[in-house]
Each structure stands twice: as structure tokens, then as C-alpha cells.
Amino acid sequence: MNTAVSATRLIPAVAVPEGAGVTVHRTIGTPALRNYDPFLLLDHISSNNPEEYIAGFPSHPHRGFNTFTYIIDGHMAHQDSMGNTGDLGPGSAQWMKAASGVIHSEMPKQENGLLRGFQLWINLPAANKLDHPEYQEYSAAAFPVVETPDYRLKVLIGRFADVSAPIVDNITDVSYLDVQVQPGKHFQNHLPVENNSFLYVFEGSGQLDGHMVPLHSLVTVESDDRSFDFIAGKTGARFVVVSGKPIREPIVQYGPFVMNTREQIDQAMKDFQSNDFVRDRAWIKRDKR
């Protein structure tokens, strides 16, 4: 496996208050990595302290991109302007194409205990920013798992080897894997050369092609052929591997609105202030297995 590395970046997570006072660990969407086309933001929630999550994310808008939410531990309730309600429990996930406009809330359904999970924002091309919104929600059982003596891998978006997730992104070809590697063992993978790809370690630590990757850190995969070799540390490691096709268009962002021009941002703000923000009800697909 060719692991020649060029300009690999290590981005430590920064604690940021979000929503009504939720503490998130952010990597993409910080001054160190403002965006990583097509990815706009990566937030990781991980806390046993209810004071760091109990206030949740009350009703707020999105326009111009997709969100992918993955709950590892705990429970979150979802409601949106399309009429969807969701119960995101351990191992479940939600794909929401906000596109032309969605107003939603994400609130904890627990008063104590561990809450862990991720939210990833994925940009949409100009041609799709005002598409109809869509919503998909899947329970933990819907996602295929690949197990070997060295690692356990859950396929959340896209494919791994000959295994496919129930969520498919036909616009930016995103893949999203949750990988748990045994102490001292290897996980090797090859990602599309045309994509931007990264790992984020949320348990343990390890080395990516000889570069140390500590807990709560993101590392970009920028080898010449986008292949990598991750070796878990003494306590093992767990991380997400995410890859997507760049859009290569101008990004103008104002909070929860991501468009291509300032004028489009102004229009989004005007629509939201005039109660003309939500234009369509969504196509809804759920799997409650």
C-alpha cells in the first residue's frame, strides 16, 4: 500500500457552545479548518454531564446543505417543519436534506447519563440548494457491520467493500464509516483519489501513516493515492472515516445558511424573518427496525 503523505493536517477539536448551551467538540468549521469541501462542519458531542447537553438545540433553520446526525449513546428527539418526528437512540442516524429550507429542533430525551454522537454538515451544489427538503431516519439495526479479528466497522453512508448502507448520497458521494480497531492492530483503506477524506478519533488514539492521532482529533487523508494505514494504540481506537467529492463552488455562510452569494444569504434571512422560509413538505423515508 502506497502511503506517501502530502500536506496531511491534524486538527484538534475545540470546545464550542452551540444550541441553547450544548458543549460540542468542533474540528471542521473552526479557524484551523473553516471547511473541507464538501464538508462544512463536524461537531462531536460526548458528555456524562447533563449541564453540557440538557438545553439541547431548540427550533432553528437550515438552508443550502445536508445534515447527517449519528447518535452513539443516549437519546435525542427530532421535530421539523416538514412534520417529521424522530427518536434517535443508540446507534441510530438521520439524514436531512435541508435544501430550500427546514426549521427543526433536536432535544435530549434524557436527564442524565452519557450522550455521544456526531453531526456533519455537507454542502449542496448551487443546482441543488433550493431542492425539496428530504428526511431519512434509521435505527441501529439498519446499518450493516463488518467484523474481522482486527476491527469492527459499521457502514453508515455509502459502501465498504461489498457492503452498502441504507443511506446513499448521489450528489457528493459521501461515505461514512464507524471503525473500532483492536489494540496494536491495523485498519487499511483506499478512498477515491478525487475526494476529500478524513478520520476523527473519538476513543483511544493511534497512528495514521506514521503520524500520531490523539483523542478528539481530526486528520486529513492526503496520500497520493488516498490510501492509509491506521494502527491503533495500546488501548485500541475508534474513529469515523468520512469521504466526499468536492463541489468547488463559492461558499458564503451565515450561521445556518450556506449559499453561493451574499445576495442569496440576504434572501434566506429575509425569508426566515418574513415566515416565508419553509416552502415544501418533504418526501419522508424511515426505517424503524
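Basis of the calculations
- Residues numbered from 1 in each chain as written.
- Predicted model: local features only at pLDDT ≥ 70, side-chain atom pairs only at ≥ 80, totals over all residues.
- Heavy atoms only, no water.
- Helix = DSSP H or I, 4+ residues; strand = E, 2+ residues; numbered from the N terminus.
- Rg over C-alpha atoms; globule rule 2.2 N^0.38 Å.
- Buried < 20%, exposed > 50% of the residue type's maximum accessible area, 1.4 Å probe, protein only.
- Contact = heavy atoms within 4.5 Å.
- Areas by Shrake-Rupley, 256 points an atom, 1.4 Å probe, with all protein chains shown as cover.
- Pairing = 2+ DSSP bridges.
- Axes fitted to C-alpha atoms, helices over the stretch in contact; angles between N-to-C directions.
- Salt bridge = Lys/Arg side-chain N within 4 Å of Asp/Glu carboxyl O.
- Phe/Tyr/Trp six-rings, centres within 6.5 Å; stacked < 30°, edge-to-face > 60°.
- Lys NZ or Arg CZ within 6 Å of the ring centre and 35° of its normal.
- Core = buried A, V, L, I, M, F, W, Y, C linked by side-chain atoms within 4.5 Å.
- 1 Å grid on protein atoms, 1.4 Å probe; cavity = no way out; pocket = protein on both sides within 12 Å on 5 of 7 lines; lining within 4 Å.
- Points joined across faces, edges and corners; volume = space filled by probe spheres on them.
- Nonpolar A, V, L, I, M, F, W, Y, C, P; charged D, E, K, R; others polar.

A. The arrangement of the overall build of the chain in detail. When its secondary structure is counted, the chain shows one helix and 25 strands. Taking 19 Å as the expected radius of gyration for a compact globule of 289 residues, we find that the chain reaches 18 Å, a close match to that expectation. Its C-alpha atoms give the chain principal-axis dimensions of about 55 × 40 × 35 Å. Burial status across the chain gives 53% buried among its 289 residues. Sequence separation of 24 or more characterises 72% of the internal contacts of the chain that already satisfy a separation of 6 or more. Summing over all exposed atoms, the chain offers an accessible surface of approximately 12100 Å²; the carbon and sulfur share of this is 50%.

B. Spotlight on the sheet that holds strand β7 (residues 76–80). If you walk across this open sheet you meet the four strands as β5-β10-β7-β8, and the pairing is antiparallel. Among the strands making up the open sheet, the edge pair consists of β5 (57–62) and β8 (85–88). Recorded for the sheet is a direction-independent mean angle of 20° between the axes of neighbouring strands. For β7 and β8, the ladder comprises four bridges, and the chain directions are antiparallel. When the sheet's bridge partners are listed, A77 is paired in β8 with D87.

C. Fine view of the pattern of salt bridges. Evaluation of the coordinates by the stated rule reveals 13 salt bridges. Residues R63 and D271 are paired through a salt bridge, measuring 3.0 Å at the closest nitrogen-oxygen approach. Taken as a pair, R63 in the loop between β5 and β6 (65–73) and D271 in helix α1 (residues 262–273) lie far apart in primary sequence, 208 residues in all. For the pair shown, R63 and D271 are each scored as buried. Residue D266 pairs with R262 through a salt bridge whose shortest N-O separation is 3.1 Å. With D266 and R262 both in helix α1 and four residues apart, the pair spans about one turn of that helix.

D. The arrangement of the packing of aromatic side chains in detail. For the coordinates displayed, the defined rule picks out 16 aromatic pairs. Measuring from centroid to centroid gives 5.7 Å for F257 and F277, while their planes differ by 50°, and the two rings are tilted. Placement of F257 in strand β24 (residues 257–259) and of F277 in the loop between α1 and β25 (283–287) is noted, with a sequence separation of 20 residues between them. With a relative accessible area of 2%, F277 lands in the buried category. Through a chain of ring-to-ring contacts, the aromatic side chains of Y151, F160, F187, F228, F230 and F239 assemble into a single cluster. Geometry around Y254 places R262 over its ring, the cationic atom sitting 5.7 Å from the centre.

E. View of the nonpolar core. Judged by nonpolar contacts, the single largest core of 28 residues is most densely connected at F39, F68, F118, Y176 and F198. When contributions to this core are tallied by element, the ones reaching two or more residues are β4 (39–47), β6, β9 (93–97), β11 (115–123), β14 (151–157), β19 (196–208) and β22 (227–244). If we ignore the near neighbours within four places in the chain, the residues touching Y176 are F68, Y70, F118, L120, K154, V155, L156, I157, V240, V241 and V242. Of all hydrophobic cores here, the second largest spans 24 residues; its members include V163, F187, L191 and V221.

F. Expanded view of the layout of surface pockets. Approximately 460 Å³ is the volume found for the largest pocket. Contributing to the lining of the largest pocket are 29 residues, with E18, F57, H60, E106 and Q119 lying nearest its centre. For the lining of the largest pocket, the secondary-structure elements that each account for two or more residues are β3 (22–26), β4, β5, β6, β7 and β11. Classifying every residue of the lining of the largest pocket by side-chain character gives 15 nonpolar, 10 polar and four charged. Space inside the second largest pocket adds up to approximately 320 Å³.

Keep in mind these values describe shape, not function.
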